[in-house]
Amino acid sequence: MDKLTALLAGLLFGAGVTVSGMVNPMKVQNFMDILGRWDPTLLFVMGGALAVTYAGYRLVLRAPRPRFAAAFVIPSLQGIDERLIGGAVVFGLGWGLTGLCPGPAIASLVFGYWPSVLFVLAMAAGMMLARSLFLETGGTSSGD
Amino acid sequence: MDQLDTPLLTTAFTPLAGLTGGILIGLSAVLLMGGLGRVAGISGIFGSLLGRWRPDNAWRALFIAGLLAGAILTSLLGGFDSDSMAFPGNPLTTVVGGLLVGLGTALGAGCTSGHGICGIARLSVRSIVSTAVFMVFAVATVYLMRHVIGAS
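Worth saying up front: this structure is predicted, and the values here are computed from it rather than measured.

A. Representation of the overall build of chain B. The secondary structure content of chain B amounts to 6 helices and 0 strands. Written out in order from the N terminus, the α and β elements of chain B read α-α-α-α-α-α. Each principal axis of the C-alpha distribution contributes one length, and for chain B these read about 45 × 35 × 30 Å. Counting over 152 residues, chain B shows a buried share of 58%. At a minimum sequence separation of 6, the contacts of chain B that also span at least 24 residues come to 51%.

What follows is the structure, encoded as structure tokens:
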């Protein structure tokens, strides 16, 4: 059941970023162009996702443990540090430049446009670079 | 100039489709937390798959497979027209942007889904700050490119 749950969660996510149009990087970049070709759709995507996740988390986190796993794995890092801020700045620059962030970028691979492939390969390289330059070995620590 | 010969620079405001998609993404996040106890953060899920294989990567691989299948299924069912897609910039900006997104999300431990949705839903201060910062810098980048430098 755990395998099926992961697959179904991925399916819902992929359907969500696609039906909302977020797999179209021009649409996302237009959201950021407040003084130009502004397309506020992303606000509704974030709003819908946040409302459901906020309410749903409160419901499921009441249980002593998840249904098909031993424990909840919640990011435990606290406090604002340079790494968090620096990472967000760098990510914001790349997101603005391309209109692509990880979820929609990976989902967009299925539509067969070469910029999707180029972007995802470069993103993978960037993640591995960050790991070898800055991060301790042993994988991601805070899990997003 | 656009990378593809599609003059689809302007996109229509589609609040209902946006809300529908947002609700689906929220359901995904809740299902993954309630079922497996995990955060639906795509940069973390994808990034972990790039390292050495570990036993708990099975669910991550299945999640990514589902993500791809969800996109295919949605367009097959008429929920999205992939001909409407347009990629801003050129091959250089795409590669530089991809590198920045990979570096930034690995360093900052999260992206739009992990911090922007799952983290904010937990009222995590780190996620709220991160999201505010990457939103502001994305908006500033687009402003610079489109209204100062003058790219399309």
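B. Structural view of the overall build of chain A. Within chain A, the regular secondary structure consists of 6 helices and 0 strands. Viewed in the frame of its principal axes, chain A has a C-alpha envelope of about 50 × 35 × 30 Å. Here chain A holds 144 residues, and 54% of them are scored as buried.

C. Local environment of the interface of chain A and chain B. With 112 residues of chain A at the contact, the number on the chain B side is 113 residues. Elements that contribute at least two residues to the side of chain A that touches chain B include exactly α1 (2-19), α2 (25-32), α3 (41-60), α4 (82-98), α5 (102-108) and α6 (114-133) of chain A. For the side of chain A that touches chain B, the element with the most residues is α1(A), which contributes 17 residues. A class-by-class count of the residues in the side of chain A that touches chain B yields 71 nonpolar, 30 polar and 11 charged.

D. Region of interest: unusual backbone geometry. All names here are of chain B. Positive phi, normally seen in glycine, also occurs at Ala109, with a value near 55 degrees. For Ala109, the location among the structural elements is in the loop between α4 (91-107) and α5 (114-121). Here the phi dihedral of Leu123 falls at roughly 60 degrees; this positive angle occurs in a residue that is not glycine. Summarising the element assignment, Leu123 is placed in the loop between α5 and α6 (125-149).

E. Structural view of the packing of α5(B) against α6(B). All names here are of chain B. Viewed as axis vectors pointing N to C, α5 and α6 meet at an angle of 145 degrees, and their least axial separation amounts to 8 Å. Relative to α6, the crossing made by α5 is left-handed. Counted together, His115, Gly116, Gly119 and Ile120 of α5 and Arg126, Ser127, Ile128, Ser130 and Thr131 of α6 form the full contact between these two elements. Classifying every residue of the contact of α5 with α6 by side-chain character gives 2 nonpolar, 6 polar and 1 charged.

Definitions and limits used
Residues numbered from 1 in each chain as written. Chains lettered and ligands numbered in written order. Predicted model: local features only at pLDDT ≥ 70, side-chain atom pairs only at ≥ 80, totals over all residues. Helix = DSSP H or I, 4+ residues; strand = E, 2+ residues; numbered from the N terminus. Buried ≥ 20, exposed ≤ 12 C-beta atoms within 10 Å, placed from the backbone. Contact = placed C-beta atoms within 7 Å. Nonpolar A, V, L, I, M, F, W, Y, C, P; charged D, E, K, R; others polar. Axes fitted to C-alpha atoms, helices over the stretch in contact; angles between N-to-C directions. Left-handed = near helix turned anticlockwise from the far one by under 90°.

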